[in-house]
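Coordinates in review
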Amino acid sequence: MALKKARTNFVCTECGGTALKWSGQCPHCKAWNTLQEFKVTQGAASRYGSERVAQGFVETTGTLQDLGDVTIEDTPRIVTGLSEFDRVMGGGLVPGGVSLIGGDPGIGKSTLLLQVVSRIVRMGRKALYVSGEESPSQIALRAKRLQLEPKGLQLMSEVQLEQIESVLNRVKPEFVVLDSIQTLFSGDLDSAPGSVSQVRECAARLTRTAKRLGITLFFVGHVTKDGALAGPRILEHIVDTVLYFEGDTHSNFRLIRAFKNRFGAVNELGVFAMTDHGLVGVTNPSAIFLSEYKANVPGSTVLVTQEGTRPLLVEMQALVDTSHLPSPRRLAVGVDAQRLAMLLAVLHRHAGVACFDQDVFVNAVGGVKITETAVDLAILTAIYSSIRNKPLPKGLVVFGEVGLAGEIRPAPRGQERLREAAKLGFSKAIIPRANAPRTPIEGLEVVAVDRLSDALSAALP
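Attention here is on the structure that accompanies the text. (Residues numbered from 1 in each chain as written. Predicted model: local features only at pLDDT ≥ 70, side-chain atom pairs only at ≥ 80, totals over all residues. Heavy atoms only, no water.)

1. Focus: the pairing of strand β4 (residues 98–102)
With five of five residues buried, β4 lies mostly within the body of the structure. Going residue by residue along β4, you find V98, L100 and G102 tucked away on one face and S99 and I101 tucked away on the opposite face as well. Bridge count for β4 against strand β8 (residues 216–221) is five bridges, and the pairing is parallel. Within the sheet, the bridge partner assigned to G102 lies in β8 and is G221. (Buried < 20%, exposed > 50% of the residue type's maximum accessible area, 1.4 Å probe, protein only. Helix = DSSP H or I, 4+ residues; strand = E, 2+ residues; numbered from the N terminus. Pairing = 2+ DSSP bridges.)

2. Structural notes on the sheet that holds strand β20 (residues 428–432)
With mixed pairing, seven strands are arranged side by side in an open sheet as β15-β16-β14-β13-β17-β20-β21. At either end of the open sheet lies a strand with only one pairing partner, and these are β15 (330–333) and β21 (445–449). Within the sheet, the average angular offset between the axes of one strand and its neighbour, ignoring direction, is 25 degrees. Two strands pair when backbone bridges link them, and β20 and β21 are joined in this way by five bridges, in the parallel orientation. Residue pairing for β21: P432 is matched across the bridge by V449. Packed onto the sheet, helix α12 (residues 452–459) meets β17 (396–398), β20 and β21 and runs at close to 175 degrees relative to β20. (Axes fitted to C-alpha atoms, helices over the stretch in contact; angles between N-to-C directions. Contact = heavy atoms within 4.5 Å.)

3. Let's talk about helix α4 (residues 136–145)
The complete set of buried residues in α4 reads I139, R142 and A143. Seen along its axis, α4 keeps its buried residues to an arc of 100 degrees; they face one direction. Those residues of α4 that are exposed and angled more than 90 degrees off the buried face are L141 and K144. Lining the buried residues of α4 we find α3 (109–122), β5 (127–131) and β6 (153–157). Positive backbone phi, at 60 degrees, marks Q147, one or two positions downstream of α4. (Arc of directions from axis to C-beta.)

This is the structure:
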């Protein structure tokens, strides 16, 4: 048997691009210090190709098929009963779906998946929990603390890929959790567990096995100090769903967000409360984010944001104070800091409010991260309230994008946002004119504006 020759490539951990030699900057995404060594064995491509055909991952090679002749099968989803988890997954679990969940250490990834597995077992389905970091006794102690029924759940402490594949082919479970993908290694590669080559090889092979056997597979992934999933970005391209756990580990609340979902909507948000018996879904998260809201405090306003299909009310706080530094500070928590600098320039140019000698701090209360542009108007009204040291009117909510010309642009799903605000007892809303409702909303006074100056005048006459 001829020995297989190995060659070396360098893979970018940010974009997954490859290069033949190392350099300080990735030639594809221009990120610095992200290229890592990756050993490639010649003949691997042909081995994978034959394996894909033999295992039914693809039917044949080189065969054309008309899209109209493809048979569409409506696969029923597996509803776990954890409403917030099912919401993020798009309505439930899909057989053969592969998901990746990441988050800071101790935030609750293993706890949540153990609860999900326990519910799957209670439905009479076969489930397997593979741990490369904890022993079976540690997992059993967690299940006892969470008051979960341990009977029927199969455990396995293993880090070798070939052993795990053998068990999956023999047992054929319906649901599998691998905690974590960075601890697995393949004997076909010489690199250490957690390296780019090992993570890519293990994820790709286990994904093929899950698709072939119809297994619902969950990878647990470590995160870097920047909060991104460790390993190459190609790991996110391999799986069907990418979930991130967010929130402060010192708080009782956790947020789980879908950044990619081939079987449902992206940017869906699930809210959980960490209790003595595990993670419990929160059906009214707006009440949590507004639990400490005080209406008579300067620099505080309420934003109606949209997370996936769910409108949420979040308190936005701003503090403006005289700066004693050559360069005043601009600090944003939960919102984009670069966008804050742009909004301050718009505030000066189109509303006549200067902050060039002021420190500006903005915070989205509750640990939620807001990425949509509809937060612009809430940020500026909170800053304006802090500068004038006057509280905004009681019962006021705002939303809307602010353009560079000082215009107020519409936000998507404005009617749903207004109905959510009215349901929670708010009485006044300052919104873009394009979002003005055609029929009045009971109990809610709507002020539609076109310009930033008009919005600030309506907020604080």
